Amino acid sequence: MRYLPKSPAERQEMLAAIGAKSIEELFSSIPDRFRLRATLDIPGPYSEAEVIQYFKDRAAENSNGYTSFLGAGVYNHLRSVVTDAIIQRGEFLTSYTPYQAEITQGTLQAIFEFQTLMCQLTGQEVANASMYDGSTATTEAVLMAERLTGRQRVLVARSVHPEYREVLKTYAKNSGLRVEEIPFTASGTVDANALQAVVKDDVAAVVVQSPNFFGVIESYAPLVDVTHTAGAMFVVAIAEGVSLGLVRPPAEADIVAMEGQSFGLPPSYGGPFAGVIASRDRFVRQMPGRLAGQTTDSEGQRGFVLTLATREQHIRREKATSNICTNQALCALAATVHLTLLGKEGLREMAEQNLSKAQFALSELLKIPGVRRTFDAPFFNEFTVELPRSVKIVNGHLLRDKIIGPLALGTPYPQLTKHALVCVTETTTRAEIERFANAVKLALERPI
Amino acid sequence: MNKKIKKASRHTNQSEGLIFEKSSPGKRAFELPPLDVPVADPAKALGANHRRAGIDGFPEVSEIEVLRHFTRLSTWNYAIDLGMYPLGSCTMKYNPRVNEFIARLDGIATEHPYQPQELSQGCLKILRLLEKCLLEITGMDAITLQPAAGAHGEMTGLLLIRAYLQKQGNPRKRVLIPDSAHGTNPATAVIAGYEVENIKSESHGQIDVEKLRDQVTGDVAALMITNPSTLGIFEQRIPEIAEILHAKGALLYMDGANMNALTGVTRPGDLGVDVMHLNLHKTFSTPHGGGGPGAGPVAMKKILEPFRPLPILVEKEGGRLALEPVRPDSIGRVKAFAGNFGVLVRALAYILAYGPGVRQATEDAVLNANYIRKQLEGAYELPYSLPSMHEVVFSDAIQKKSGVSTMDIAKRLIDYGFHPYTTAFPLIVPGALMIEPTESESMEECDLFIDAMKAIAEEAATKPEIVKTAPHTTRVRRLDEVGAARKPILRWKPAAPQSEAAD
Amino acid sequence: MAYPKNYRYTKEHEWINVEGGLATIGITDYAQHELGDVVFVELPKPGAKIELGKSFGTVESVKAVSEIYAPAAGEVIEANGELQNTPEKINTDPHGAAWLIKVRLTNATELSGLMDASAYEAYIAASGKEASA
């Protein structure tokens, strides 16, 4: 087998050195009746060429050749080939968690840079080395708020990503957290009056997302005051990080939970991505996950170490801030490289292109008779429209034109049947937007 | 073998500041295609109060600088690609490059989790085949690929147990965890709403089965066991342990972190395990990448199947596959979308490359560990003498006499060209040296490691100072972890007059 | 470091010193030595109630966390705020400047079960032998 670096003679030599007659002998501690005698029933062995062919065949059964208008927490953005070249360097790819600082300075400094970038983007003071994704980061932010406040009631906006809310409920079920939802207004923003009516001094966290699941940008001011007056933590989830190139960051939030997929990570059918938790310096001891910190060595040189590790499971065990161990380090590195490549101007320009293209797409769709905008609040690169016909039927027609249509909102939001969440990024061309709008128009004109 | 070859040599690497310190306004490393639609005025489209002026301190550098920056940083890391990485419990094995290639294919990396399922059959077939392979390897009945990592899998597994017991009327209160367990086990049990009861290992490092009979009462939900244990020793009485639990209505959870010792040789499902997670980034070779990403599928017996997290992969008529978002008894979602797909893809590529021959990898891993054990016995104290599987745990008891600790030996190993083994774990061995070579090491590499370890044992006895002050050859010397924790500096800030001194 | 004669000591290595109606509590020199360089201290706020034998705070080194157990029950009057910025004082002056909390005791007779300085010194000498054996 090509991955195994031993000849039969070497195996024999090593067995002899051990003093064992056969390999079987090394497994003598496994009771005989539990030893597997049959050959495993799995395909293979495959040569490298066969492995590649198998996956090419599978890839051909997917959506190649289609233009997509899906977002909803996973976004298509331009990625430089430089990012992949860097993260495929063996020294990054095949290194472990940097517990031995002297020979993992590369990873540690990169994490420190990632933490810095996340602080700059979110307007927060401290960010960790990454969580699994935006959904689990949002949940961990709530658990952090629970520890900080000692309270167990959580108010989550219904305009937060439906799957993020589901994950929170899974974790909450067994930890005593009570999750309640706050409705949205006719503009698509969090209903501040509804929030004010229920936020009391037993609330640990108020969770909103911006841009929210409908693509709408929230105004924090009316929400954050009532939250803080009740002594609760204001938690902001961000699913589309590119928005931060243009949209004011949630600097007034106590904890920010962000999905980093938009920063150089491919959609990859939903993962792996990189979750982020950013917060205030004074809350750092209740943060989950790893943190890299700057220090000096015995000769006074700058260096980096994992620090404040007493929060973590390998030291504090059942009293840890989280059970997280493996994180998404390589994805965080990809985000670091990607954001460094984009830089200040590149990220702003990318964000501006998203905004312009989404505005253009909306104006094209609004030319179609019967198509209406659902919410009038400002949006970034996603918006919702109401169609005069079932979104699923329209999308069925679009598929024939090799277009993957927008997300139908009827399943997560029964009151929004016939409403569709349209996403347009810098990767969508004008021609594609026009072809899409035209296909929607034709689909709506078809007899039922 | 050429005896003159020594693992480490000196080579120059480049100094490099933080990327923020290289920034200069106006430099760019990335250009976008020109905008082909009318420009939207942000102030108008967003409203003036939503608009951001710019991001303070964000880097402005050119492409070559970015490439050099990260390439230079990379040279400061040790990696499997450079040599043996004997971190016990972490299974640092070769990460085949074809797996990176296929994960990046158009049609694999490009797929959106919400695209129509009729356009996702390729993705779903990959998931289906991986499920089947992992079920065959574990001997279990059902599986979920959702969890993003081992600890996430542990949580999913305990939630399954909780849901199952709840359905029977009582979720119970406690989870038993051996003192040799990974820290994630107790941390996870708490998140799943259980109290942790730590149980002591008997004198050979195994579960004390006689004691366990008394410890398993009606309020115990499960025992979390790692098999082989973190001592690298197979729990010989595991079928009996399962019976004790089952007799009281409790379940057996197996932490599959050490599955590299068992794959193709025995199956947890046959041993009486009810639910377990696999660390695909350990046993199934997906790259650790400096700490992640991973994937932690959870395999289970039939009784737990109805409670699996959403979505559920199902086969429809005509062989069509679908992800179903609703199940009445499900524990719910543990993560958005359909698991860490890109990691799952790599794991399947690894399994397909071996096929049933994956057993050979297990055999070589166990062979390497036992070879190292045999050669280092005597030079280092072996606190538990039962046969080793894929890893061996020594202690620093001999070296302690001259004031040298496991951490010192680990740091000195760096000077010999190796990444350290796992230090000071498991907790039941004071001063542990936990060595896991994996199957990826040749006899030559094992011999180099053995030579290095013997040389360090010699140094510890004759000139302990050189060990205690190691490493001597790295870019930075031992770092001030106390200072880092007392006054944490967790991000770069633009130079203020007083912070100039830091450089 | 000498163990003050007027203090009383616990098996978990806390000391307590009662002057007037007020008790001062800290950790012993032996405890700080075992723990290594202290990097963080978590203490209760004034007004908090502490219970005999229950943990009221933690002391952290880089890679360990130790609970601090109350030698007696009472109400916290003051916590040593200095330690937030200079936790290292616990390593240099554990019996003096690095006191942790001042407490109004509920029941001063609880102290009768504690060791005096010479008993404590004998206790740590014995446990030290055990540890190195």
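The residue numbers shown here count from 1 along each chain, following its written sequence. Working convention: letters from A go to chains and numbers from 1 go to ligands, in the order in which they are written. Local features are withheld for residues below a pLDDT of 70 in this predicted model, meaning they are given only at 70 or higher, and side-chain atom pairs are given and counted only at 80 or more; totals for whole chains, interfaces and linings count all residues.

Novice: So what's going on with the overall build of chain A? Residues and values would help.
Specialist: When you go through chain A residue by residue, the secondary structure sums to 14 helices and 15 strands. Counting only C-alpha atoms and orienting by the principal axes, one finds that chain A spans roughly 85 × 55 × 50 Å. Counting other C-beta atoms within 10 Å of a residue's C-beta gives its exposure: the residue is buried at 20 or more, exposed at 12 or fewer, and partly exposed in between, where C-beta atoms are placed from the backbone. Counting only residues that meet the buried cut, chain A has 62% of its 448 residues in that class. Helix and strand definitions follow DSSP, with helices as H or I runs of at least four residues and strands as E runs of at least two, each counted in order from the N terminus.

Novice: How would you sum up the interface of chain B and chain C? Please name residues and give values.
Specialist: Between chain B and chain C, the contact holds four residues from the first and six residues from the second. Note that Gly is not counted as nonpolar here; it falls among the polar residues with everything else outside the nonpolar set of Ala, Val, Leu, Ile, Met, Phe, Trp, Tyr, Cys and Pro and the charged set of Asp, Glu, Lys and Arg. Along the lines of polarity and charge, the residues of the side of chain B that touches chain C split into two nonpolar, no polar and two charged. Whether two residues are in contact is decided by their C-beta atoms, placed from the backbone, lying within 7 Å.

Novice: Before we move on, can you summarise the environment of Ala320 of chain A with the specific residues and values?
Specialist: With respect to the helices and strands, the residue Ala320 of chain A is situated in the loop between α11 (313-316) and α12 (329-366). Considering only alpha carbons, one finds Ala320 of chain A and Ala309 of chain A, eleven residues apart in sequence, at a separation of 9.7 Å. Excluding residues that lie within four positions of it along the chain, Ala320 of chain A makes contacts with Arg311, Glu312 and Gln313 of chain A together with Ala187 of chain B.

Novice: Can you tell me about the interface of chain A and chain B, naming the residues and giving the values?
Specialist: The interface is formed by 166 residues belonging to chain A together with 174 residues belonging to chain B. Ranked by residues supplied to the side of chain A that touches chain B, first place goes to α12 of chain A with 22 residues. Of the residues contributing to the side of chain A that touches chain B, the split by class is 77 nonpolar, 55 polar and 34 charged.

Novice: Report on the sheet that holds strand β5 (residues 203-209) of chain A, specifying residues and quantitative values.
Specialist: Residues and elements named next belong to chain A. By this definition, two strands are paired if DSSP reports at least two bridges between them. Ordered by their spatial adjacency, seven strands build an open sheet running β2-β8-β7-β6-β5-β3-β4, and the pairing between neighbours is mixed. For this open sheet the edge positions go to β2 (126-127) and β4 (178-182), each flanked by a neighbour on one side alone. As paired elements, β2 and strand β8 (residues 275-279) share two bridges and run antiparallel to each other. Bridging from a neighbouring strand, Ala127 pairs with Ala278 of β8. Interaxial angles span 0 to 180 degrees and are taken between N-to-C directions of axes, which are lines fitted to C-alpha atoms, for helices over the stretch in contact. The sheet contacts of helix α10 (residues 221-229) involve β5 and β6 (233-238), and relative to β6 the element is tilted by about 140°.

Novice: Any chance you could break down the domain arrangement of chain A for me, citing the residues and the numbers?
Specialist: Residue and element names in this part refer to chain A. As far as domains go, chain A holds domain 1 (67-78 + 343-445) and domain 2 (81-338). Each domain's extent was defined by an automatic or database domain assignment. Centre-to-centre separation of domain 1 and domain 2, based on C-alpha positions: 28 Å. Taken residue by residue, the interface counts 25 residues in domain 1 and 23 residues in domain 2. Where the side of domain 1 that touches domain 2 is concerned, the elements lending two or more residues are α12 and β12 (382-386).

Novice: Tell me about helix α9 (residues 341-354) of chain B, residues and numbers included.
Specialist: A turn of α-helix holds 3.6 residues, and therefore any two residues three or four places apart point the same way. Residue and element names in this part refer to chain B. Given the number of residues in a helix, its expected span is that number minus one, multiplied by 1.5 Å. In a regular helix each residue adds 1.5 Å, so 14 residues correspond to 20 Å; α9 covers 20 Å between its end C-alpha atoms and thus fits that length. Of all 14 residues that make up α9, 14 are buried, and the element is covered over most of its length. Positive backbone phi, approximately 60°, marks Gly355, located one or two places after α9.

Novice: How would you explain the sheet that holds strand β4 (residues 40-42) of chain C if you had to name every residue and give the values?
Specialist: Residue and element names in this part refer to chain C. Pairing within the open sheet is antiparallel, and its three strands lie in the order β4-β6-β7. The open sheet has two free edges, formed respectively by β4 and β7 (65-69), since each of these has just one partner strand. For this sheet, the mean inter-axis angle between neighbouring strands, taken without regard to orientation, is 20°. Where strand β6 (residues 55-60) and β7 come together, five bridges link them in antiparallel fashion. Bridging from a neighbouring strand, Glu60 pairs with Val65 of β7.

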